[in-house]
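Read off the chains here:
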Amino acid sequence: RTQDPLLIDDVEASEHWLKLDNPSVAIRSAVMVPIADGDGLLGILAVYHSDVGHFTQNDQDYLELVARQIVGPILQIMLLTQQHDLTEKLSVQTR
């Protein structure tokens, strides 16, 4: 439970993977990277595949790059949502 990226070659052999009794999708490998800013974790970017060992360190590196690039747009959406909520509250109060 850290904010470190995680590359799992075989989810069935990984201690980091929660095994489901009846998964609806066959997942055998995964790569997960945090989406974070200076204040903390915003989310996780996760990609799965049905083949064992499908992902490489290169794949993880690319996903880390994507995660860094989408922090700005995510924060903008969060701010716009807060602004919208505050505007709605003010509108209700001034009626």
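Look a little higher up for the structure.
Residues numbered from 1 in each chain as written. Predicted model: local features only at pLDDT ≥ 70, side-chain atom pairs only at ≥ 80, totals over all residues. Heavy atoms only, no water.

Visitor: Sorry if this is basic, but what is going on with the nonpolar core here?
Guide: Looking at soluble globular proteins, one finds that nonpolar side chains tend to be buried together. Within the largest apolar cluster, 8 residues are counted, these being V31, V33, I35, L45, F55, L63, A67 and V71. Those elements giving two or more residues to this core turn out to be strand 2 (29–37) and helix 1 (57–93). Grouped together as the second largest cluster of nonpolar side chains are 5 residues, I8, V11, W17 and A30 included. (Core = buried A, V, L, I, M, F, W, Y, C linked by side-chain atoms within 4.5 Å. Buried < 20%, exposed > 50% of the residue type's maximum accessible area, 1.4 Å probe, protein only. Helix = DSSP H or I, 4+ residues; strand = E, 2+ residues; numbered from the N terminus.)

Visitor: Is there a simple way to explain the sheet that holds strand 1 (residues 6–8) in this structure?
Guide: What links the strands of a sheet is backbone hydrogen bonding, and the strands pair in either a parallel or an antiparallel sense. Reading across from one edge, 1-2-3 is the order of the 3 strands in this open sheet, with antiparallel pairing throughout. Lying at the two open borders of the sheet, with one neighbouring strand each, are strand 1 and strand 3 (40–49). For this sheet, the mean inter-axis angle between neighbouring strands, taken without regard to orientation, is 15°. Note: strand 1 against strand 2, 3 bridges, orientation antiparallel. Opposite L6, over in strand 2, you have M32 as the bridge partner. Here helix 1 sits on the sheet in contact with strand 1, strand 2 and strand 3, set at roughly 40° to strand 2. (Pairing = 2+ DSSP bridges. Axes fitted to C-alpha atoms, helices over the stretch in contact; angles between N-to-C directions. Contact = heavy atoms within 4.5 Å.)

Visitor: Looking at this model, I keep getting lost on the pairing of strand 2. Mind explaining?
Guide: In terms of residue burial, strand 2 counts as a mostly covered element, since 7 of its 9 residues are buried. With 9 bridges joining them, strand 2 and strand 3 adopt antiparallel strand pairing. Residue S29 lies in a different strand from strand 3, and its bridge partner there is H49. What sits between the antiparallel neighbours strand 2 and strand 3 is a turn of 2 residues.

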